[in-house]
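# Commentary on secondary and tertiary structure
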Amino acid sequence: MEQKIRINNEEEYRAFLKKLPLYRSILKRFTKFSISAPVYTEKLKDFETALNLKNRRKRVTFLFDRACDIIDKYNEENGIRCSYNSEGFCEDPKHQKKKNGCCFLCYLQSEKGCPTRNLSCKLYFCDHICKKYHPLTMDDIDLLRMFSPSQREIIKSNVFVTRKTYINLLCIGSYLLFCMYSVLKFFRLKNLY
């Protein structure tokens, strides 16, 4: 079964976003989506790809990677990045103890910075950077609406984990399980501040 969606203006785009829970539900499991529009073409291509991925892990992985790419591209185009002195310490006096590109002492850090992709970390910027620039938030990335409410809660606070663990937590999608995992993770971390 094929469902063609035509979006001609901002109002129809907003209506499409409101219908996303229905489009990604089990009711549309065998539906092939075809989205066309004169505006928002890149965004809608991402939605079409995600909606046509019926395997949960493949969809979550695509959404995760695409959201990371969107943030990276936006930050690069707008010159948004943390500034460090010659020794690798943050220029903000409140974060002088932190080194190698993380405001916290993450156990994943290496001498070259963070070795993994983490959506929550990419969405986090300290007050110092937010005053200087206008970084993206979750609300700015419409593609993140493809995630369920519990998955979006996981995205808000799932820092200090590898890409593989992150995707596994999103695939499970249970906020209760994520909270239990977070408590265990907290005891593994040292020197957060």
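As shown above, the structure is provided for reference.
This write-up is about the structure you can find in this document.

Calculation rules
Residues numbered from 1 in each chain as written. Predicted model: local features only at pLDDT ≥ 70, side-chain atom pairs only at ≥ 80, totals over all residues. Heavy atoms only, no water. Helix = DSSP H or I, 4+ residues; strand = E, 2+ residues; numbered from the N terminus. Buried < 20%, exposed > 50% of the residue type's maximum accessible area, 1.4 Å probe, protein only. Contact = heavy atoms within 4.5 Å. Pairing = 2+ DSSP bridges. Expected span 1.5 Å × (residues − 1). Polar contact = N/O pair within 3.5 Å; in protein donor to acceptor, adjacent residues only side chain to side chain. Core = buried A, V, L, I, M, F, W, Y, C linked by side-chain atoms within 4.5 Å. Salt bridge = Lys/Arg side-chain N within 4 Å of Asp/Glu carboxyl O. Axes fitted to C-alpha atoms, helices over the stretch in contact; angles between N-to-C directions. Parallel < 35°, antiparallel > 145°, perpendicular 65-115°, else oblique. Left-handed = near helix turned anticlockwise from the far one by under 90°.

### Concerning the overall build of the protein
The number of helices and strands found in the protein is nine helices and two strands. In the protein, the succession of helices and strands from N to C terminus is β-α-α-β-α-α-α-α-α-α-α. Looking at the protein residue by residue over its 193 residues, the buried ones come to 39%. Excluding contacts between residues fewer than 6 apart, the proportion of contacts in the protein whose partners are at least 24 apart in sequence is 63%.

### Describing the pairing of strand 1 (residues 2-6)
Side-chain positions along a regular strand alternate between the two faces of the sheet. Only one face of strand 1 is buried, namely the one carrying Gln3 and Ile5, since none of Glu2, Lys4 and Arg6 on the opposite face is buried. Here strand 1 runs beside strand 2 (residues 32-36); their pairing, made up of five bridges, is parallel. Considered in strand 2, the bridge of Gln3 is made with Phe33.

### Notes on helix 4 (residues 56-78)
Taking 1.5 Å as the rise per residue, helix 4 with 23 residues should run 33 Å; its terminal C-alpha atoms sit 33 Å apart, in good agreement. Restricting attention to buried positions, one finds in helix 4 the residues Arg59, Val60, Phe62, Leu63, Phe64, Asp65, Arg66, Ala67, Cys68, Ile71 and Asn75. Residues of helix 4 that are buried in the fold lie against helix 3 (41-52), helix 5 (119-123), helix 7 (149-157) and helix 8 (163-172). Two to three positions downstream of the cap, the backbone nitrogen of Arg57 sits 3.0 Å from a side-chain oxygen, assigning the N-cap of helix 4 to Asn55. Among the residues trailing helix 4, Gly79 stands out with phi positive, at a value near 65°.

### Description of the environment of Leu143
Its location among the elements puts Leu143 in the loop between helix 6 (127-132) and helix 7. You can call Leu143 buried: its relative accessible area is 5%. Linking Leu143 and Phe64, residues 79 residues apart in sequence, is a C-alpha distance of 9.4 Å. Those residues in contact with Leu143, other than ones at most four positions away along the chain, are Asp46, Phe47, Leu63, Arg66 and Ile70.

### Here we look at the nonpolar core
One finds Phe16, Phe47, Leu119, Leu144 and Ile155 to be the most contacted residues of the largest nonpolar core, which totals 39 residues. For this core, the element with the highest residue contribution is helix 4, accounting for seven residues.

### As for the pattern of salt bridges
Oppositely charged side chains can form a pair if their charged atoms are brought close together. Per the counting criterion, the structure on display carries eleven salt bridges. Glu42 is the partner of Arg66 in a salt bridge, and the nearest nitrogen-oxygen pair spans 2.8 Å. One end of the pair, Arg66, is in helix 4; the other, Glu42, is in helix 3, and 24 residues separate them in sequence. Salt-bridge contacts for Asp46 lead to Arg66; the nearest nitrogen and oxygen are separated by 2.9 Å.

### Focus on the packing of helix 1 (residues 10-18) against helix 3
Packing of helix 1 against helix 3 brings their axes to within 13 Å, and their N-to-C directions diverge by 25°. Of the possible angle classes, the one that applies to helix 1 and helix 3 is roughly parallel. Pair helix 1 / helix 3 crosses with left-handed handedness. For the pair helix 1 and helix 3, the contacting residues are Tyr13, Phe16 and Leu17 in the first and Lys43, Leu44, Phe47 and Leu51 in the second.

Function cannot be read off these values alone, since they describe shape.
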